[in-house]
Every structure is written in C-alpha cells, then in structure tokens.
Amino acid sequence: MSACKDEDPRINRIKTSIRVVPNFPKPGIMFQDITTLLLDPQTFKDTVDLFVERYKGKNISVVAGIEARGFIFGPPIALAIGAKFVPLRKPKKLPGEVISEDYTLEYGRDCLQMHVGAVETGERALVVDDLVATGGTLCAAINLLKRAGAHVVECACVIELPDLKGRERLKGKPLYVLVESH
C-alpha cells in the first residue's frame, strides 16, 4: 500500500523535500537523500506522524529500524505507538550475542545483525527504513525477526523505487510507503 496516492498535502511536502543525488554511492545509482527532509522540522514531523497514524492501536510491540536511516524514523514511531525500538545493525556494531542475516542489495552484499533476546516469540513487529529498492534489506530484516519468533506485521518506508521491484521480492508481506520515486 502507498500513501502517495492520497490527497494528504503532507505527502507532496515530503516528496518535494527529498533530494536526488546522481551517481552516489556508485555510478548509475540515483541516491534518494532524506537529509534534506530532516532539515525541515514540520516535514520531518509530518513523515513520522503519517506512520504513527497508520500504526497506533495495531498492537505492535516492536519497531525494528534498519541501520542507519531506519534509526531516524523508527525511534519516534516506537515512542508514539508505545513499542520498543530494536536496532538492526551492520556487522560488529552490537556488543554481545547476535543473530545475523546476509543479503544482496542493489549495489553489493551486506549483513544485518540483531541482539539475541531483543525480540520475544509472538511479538508483533514493524520494520522501518527510509527506502525500499530491490527489497534485499527488508527481506533480511523480515527473516531476522522471524527467526527470533516475531510476527512481522508490515514494513514501512518513506520512499519506494517501484522500477526495482522490491515489493515483489517481499512475497506478499505488506509494505507501506509514503512516496514513490521513478
């Protein structure tokens, strides 16, 4: 599902606040830079509010944020809906025992890790990131949370690059995005 088809004026403000940087971090990549969105406090608030409006009252107990930009949007959403925040980090960033999930992304390979015990069996989880492209990172996050016993209710991203078909890679797992970029 996508909010970008809504008539909500906040959606257009969010879309126009995102800067596109060509050939970053590699040639051929059109990087969607959300740091420009963060410079406008009202647009940043609108972004968080749209997610909170969707997830409040849905009995979500875990908001799992993907490093690094999922750490920007995840904690305020978690606080507003009364859930805990669980960081999904790159390798060797978490002390203690972790579980790992390797994955492929649009310009390489990577790995996500989560603390063992951060999520309990049966908890309802929301995965948050800034962008879905090929879907590799979201799939890794879903797999990590499932292995820990959580039920992933939905994935939430600010931006979707629909031409890269990441939504299809999620194999039916619900995905909610605020804006699309082509």
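Position labels on residues start from 1 in each chain and follow its written sequence. Predicted model: local features are reported for residues with pLDDT of at least 70 only, side-chain atom pairs are reported and counted for 80 or more only, and whole-chain, interface and lining totals are derived from all residues. Side-chain numbers come from the whole structure's heavy atoms, not from hydrogens or water.

Trainee: In this structure, what is going on with the packing of aromatic side chains? I would like to understand it.
Mentor: The geometry of an aromatic ring pair is captured by the separation of the ring centres together with the interplanar angle, meaning the angle of the planes. Note on aromatic contacts: the rings of Phe and Tyr and the six-membered ring of Trp form a pair at centre separations within 6.5 Å, being stacked when their planes are under 30 degrees apart, edge-to-face when over 60 apart, and tilted otherwise. This model, assessed by the stated rule, comprises 5 aromatic pairs. Seen from their ring centres, Phe-44 and Phe-73 are 5.9 Å apart, and the 80° between their planes marks the pair as edge-to-face. Taken as a pair, Phe-44 in helix 3 (residues 41-55) and Phe-73 in helix 4 (residues 70-81) lie far apart in primary sequence, 29 residues in all. Ring centres of Phe-71 and Phe-85 lie 6.0 Å apart, and the angle between their planes is 90°; this geometry places the pair in the edge-to-face category. Taken together, the residues Phe-71 in helix 4 and Phe-85 in strand 4 (residues 84-88) connect sequence positions 14 residues apart. Note on classification: 1.4 Å probe, protein chains only; a residue is buried when its accessible area is under 20% of the maximum for its type, exposed when over 50%, partly exposed between these limits. On the accessibility criterion, Phe-71 (24% relative accessible area) is partly exposed. Through a chain of ring-to-ring contacts, the aromatic side chains of Phe-51, Tyr-55 and Tyr-176 assemble into a single cluster. Both a distance and an angle decide whether a charge sits over a ring: NZ of Lys or CZ of Arg must be within 6 Å of the ring centre and within 35 degrees of the ring normal. Taking NZ or CZ as reference, Arg-54 lies 4.0 Å from the ring centre of Tyr-176, over its face. By the criteria applied, helices consist of DSSP H or I runs no shorter than four residues and strands consist of E runs no shorter than two, each listed in order from the N terminus.

Trainee: Sorry, what's going on with the state of the cysteines here?
Mentor: Each disulfide is one covalent bond, formed between the sulfur atoms of two cysteines. In plain terms, two cysteine sulfur atoms within 2.5 Å form what is called a disulfide here. Inspection of every chain in the model, using the stated rule, returns 0 disulfides. Sulfur of Cys-139: no disulfide; nearest cysteine sulfur belongs to Cys-155 and is 8.0 Å away. The thiol of Cys-155 is unpaired, and the distance to the nearest cysteine sulfur, on Cys-157, comes to 6.6 Å. Overall, Cys-155 belongs to the buried group, its relative accessible area being 0%.

Trainee: I keep staring at the pairing of strand 8 (residues 151-160) and nothing clicks. Help me out?
Mentor: Looking along a regular strand, one sees side chains alternate from face to face of the sheet. Counting buried residues in strand 8 gives 8 out of 10 residues, a clear majority hidden from the surface. Strands qualify as paired when DSSP identifies two bridges or more between them. In this sheet, strand 8 lies alongside strand 7 (residues 124-132) in parallel orientation, the contact comprising 8 bridges. Following the sheet pairing, Asp-129 is matched in strand 8 by Cys-157. Running through helix 5 (residues 136-147), the crossover from strand 7 to the neighbouring parallel element strand 8 is right-handed. By the bridge criterion, 5 bridges tie strand 8 to strand 9 (residues 175-180) in an arrangement that is parallel. Paired with Ala-156 across the strands is Tyr-176, a residue of strand 9. Handedness of a crossover is defined as follows: orient the strands so they point away from the viewer, and if the path from the first strand over the helix to the second runs clockwise, the crossover is right-handed.

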